[in-house]
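These are the residues of each chain, in order.
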Amino acid sequence: MDYLCFRTLCCKGPPSPRPEYDLVCIGLTGSGKTSLLSRLCSEATDNIGPTTGFSIKAVPFQNAVLNVKELGGADSIKKYWSRYYQGSQGVVFILDSASTDEDLEMARTELHSALQHPQLCTLPFLILANHQDKPAARTTQEVGDWRVLILT
């Protein structure tokens, strides 16, 4: 009996692994995808440039790990986004809230396309309005109105 008590107290074994979730992060060039992921990973954000192709970052949280595939937002890369969707369990769409109306319309088109893609249409989407600290940033209400227009 003493052995059982000792084993229970001292030999719990390795902690159970944290669950991992695969996400895809998309948005136009300059929306802040790399900066966001770098901050979440406690990495420097001083010399960040446009992502060429894609990058993968493991974002650790206390109870889970998010494996995020960040896809570059340049026109030459967007046409390949769908090749990276397979296996995703969620989508993060980054919007530059200080972008021009023209860029906002392009972002809207890309988001609408992603929402309709067969590999993404059933997944949870997080739409993040980045660059709220810039003077030209749209208000929360304006971003909300834009979001409603997309989903209708």
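Residues numbered from 1 in each chain as written. Predicted model: local features only at pLDDT ≥ 70, side-chain atom pairs only at ≥ 80, totals over all residues. Heavy atoms only, no water.

Draft legend 1. Summary view of the pairing of strand E5 (residues 125-130). Sheet topology places strand E4 (residues 90-96) next to E5; six bridges connect them, and they run parallel. If you follow Leu-95 over to E5, its bridge partner there is Ala-129. What joins E4 to E5 is helix H4 (residues 101-116), and the crossover it makes is right-handed. (Pairing = 2+ DSSP bridges. Helix = DSSP H or I, 4+ residues; strand = E, 2+ residues; numbered from the N terminus. Right-handed = clockwise from strand over helix to strand, strands pointing away.)

Draft legend 2. Fine view of the nonpolar core. One finds Val-24, Ile-26, Leu-71, Trp-81, Tyr-85, Val-91 and Leu-120 to be the most contacted residues of the largest nonpolar core, which totals 17 residues. Sorting the residues of this core by element identifies strand E1 (20-26), E4 and H4 as the ones contributing at least two each. No other element matches the four residues that H4 contributes to this core. Once residues within four sequence positions are removed from consideration, Val-91 is found in contact with Val-24, Ile-26, Leu-120, Leu-123, Pro-124, Phe-125 and Leu-126. Among the nonpolar cores identified, the runner-up in size contains eight residues, and Leu-23, Cys-41, Val-92 and Ile-94 belong to it. (Core = buried A, V, L, I, M, F, W, Y, C linked by side-chain atoms within 4.5 Å. Buried < 20%, exposed > 50% of the residue type's maximum accessible area, 1.4 Å probe, protein only. Contact = heavy atoms within 4.5 Å.)

Draft legend 3. Structural view of the sheet that holds strand E3 (residues 65-71). Strand order in the open sheet formed by five strands is E2-E3-E1-E4-E5, and the pairing between neighbours is mixed. The open sheet is flanked by strand E2 (54-60) and E5, the only strands paired with a single partner. Between one strand axis and the next, the sheet turns by 25° as a mean value, whatever way the strands run. Contacts from helix H2 (residues 33-40) reach E1, E2, E3, E4 and E5 within the one sheet, and its direction differs from that of E3 by about 160°. Where H4 meets the sheet, it contacts E1, E4 and E5, and its direction lies at approximately 170° from that of E4. (Axes fitted to C-alpha atoms, helices over the stretch in contact; angles between N-to-C directions.)

Draft legend 4. Region of interest: the UniProt feature "binding site: Mg(2+)" (unreviewed entry) in the protein. UniProt annotation of "binding site: Mg(2+)" (unreviewed entry) refers to Thr-34 and Thr-51 when read in the numbering used here. Separation in sequence by 18 residues is not matched in space for these annotated residues, since their most distant C-alpha atoms are only 7.4 Å apart. Lining the largest pocket, from the set of annotated residues above, are Thr-34 and Thr-51. The topology assignment puts Thr-34 in helix H2. Setting aside chain neighbours within four positions, we find Thr-34 in contact with Ile-48, Thr-51 and Glu-70. Within the local environment of Thr-34, its side chain forms a polar contact with the side chain of Thr-51, the two groups lying 2.8 Å apart. By secondary structure assignment, the location of Thr-51 is in the loop between H2 and E2. The exposure class of Thr-51 is buried, given its relative accessible area of 16%. Apart from residues lying up to four places away in sequence, Thr-51 is in contact with Thr-34, Glu-70, Gly-72 and Ile-77. (UniProt positions renumbered as here; feature names shortened; annotations may be inferred. 1 Å grid on protein atoms, 1.4 Å probe; cavity = no way out; pocket = protein on both sides within 12 Å on 5 of 7 lines; lining within 4 Å. Polar contact = N/O pair within 3.5 Å; in protein donor to acceptor, adjacent residues only side chain to side chain.)

Draft legend 5. Inspection of the packing of aromatic side chains at higher detail. For the coordinates displayed, the defined rule picks out one aromatic pair. Plain terms: the ring middles of Phe-54 and Tyr-84 are 4.7 Å apart, the flat faces sit at 45° to each other, and that makes the pair tilted. Taken together, the residues Phe-54 in strand E2 and Tyr-84 in the loop between helix H3 (75-78) and E4 connect sequence positions 30 residues apart. (Phe/Tyr/Trp six-rings, centres within 6.5 Å; stacked < 30°, edge-to-face > 60°.)

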